[in-house]
Amino acid sequence: QVQLVESGGGLVQPGGSLRLSCAASGFTFSTYQMNWVRLAPGKGLEWVSAITSGGSTNYADSVKGRFTISRDNAKNTVYLQMNSLKPEDTAVYYCKADRTVVAYWGQGTQVTVSS
């Protein structure tokens, strides 16, 4: 049974940091590209960041220089370190696993940036 379980969300003040985690099970994690995607109130899904099976990373312009994606294949976990958070980063953050035509999604974790 495939599972992606996100954790680490919460309420943080502008300028603060959070580290999201996504624990995977039920598939060969190391062979999948892992992504973070977010859904902000009143907006569509926005791709945030990706890390390939080989460790190459990519970021949306809106988070470049502030967010860092990483993975630990031994722990079947992908991370998103979020620094210098802004109110516009408020969203539900989803973990997504991709390989060719297969995609798995987590349930999401809420991140709220507010003073």
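The notes below deal with the structure included here.

Procedures and definitions
- Residues numbered from 1 in each chain as written.
- Predicted model: local features only at pLDDT ≥ 70, side-chain atom pairs only at ≥ 80, totals over all residues.
- Heavy atoms only, no water.
- Buried < 20%, exposed > 50% of the residue type's maximum accessible area, 1.4 Å probe, protein only.
- Helix = DSSP H or I, 4+ residues; strand = E, 2+ residues; numbered from the N terminus.
- Pairing = 2+ DSSP bridges.
- Contact = heavy atoms within 4.5 Å.
- Core = buried A, V, L, I, M, F, W, Y, C linked by side-chain atoms within 4.5 Å.

As for the pairing of strand 4 (residues 33–39)
For step 1, the next point in the chain: Among the seven residues that make up strand 4, five are buried, leaving the element largely enclosed by the rest of the structure.
For step 2, the next point in the chain: Across seven bridges, strand 4 lies against strand 9 (residues 91–99) in antiparallel orientation. Bridging across to strand 9, Trp36 finds its partner in Cys95.
For step 3, the next point in the chain: Between the end of strand 4 and the start of strand 5 (residues 45–51), which pair antiparallel, lie five residues, with Gly42 showing a positive phi angle near 75°.

Topic: the environment of Gln107
For step 1, the next point in the chain: Residue position: Gln107 is located in the loop between strand 10 (102–105) and strand 11 (109–113).
For step 2, the next point in the chain: For Gln107, a relative accessible area of 70% puts it in the exposed group.
For step 3, the next point in the chain: Residues Gln107 and Leu4 lie 103 residues apart in sequence; the distance between their C-alpha atoms is 7.4 Å.
For step 4, the next point in the chain: Ignoring any residue separated from it by four or fewer positions in sequence, one finds Gln107 in contact with Leu4, Glu6 and Tyr94.

Observations regarding the nonpolar core
For step 1, the next point in the chain: Ranked by internal contacts, the top residues of the largest apolar core, which has 29 residues, are Met34, Trp36, Val78, Leu80, Met82 and Tyr93.
For step 2, the next point in the chain: Of all the elements in the fold, those that place two or more residues in this core are strand 3 (18–25), strand 4, strand 5, strand 7 (67–72), strand 8 (77–82), strand 9 and strand 11.
For step 3, the next point in the chain: Residues within four places of Leu80 in sequence aside, it is in contact with Leu18, Arg19, Leu20, Trp36, Val48, Ser49, Phe67, Thr68, Ile69 and Tyr93.

Any functional reading would require information that these geometric values do not contain.
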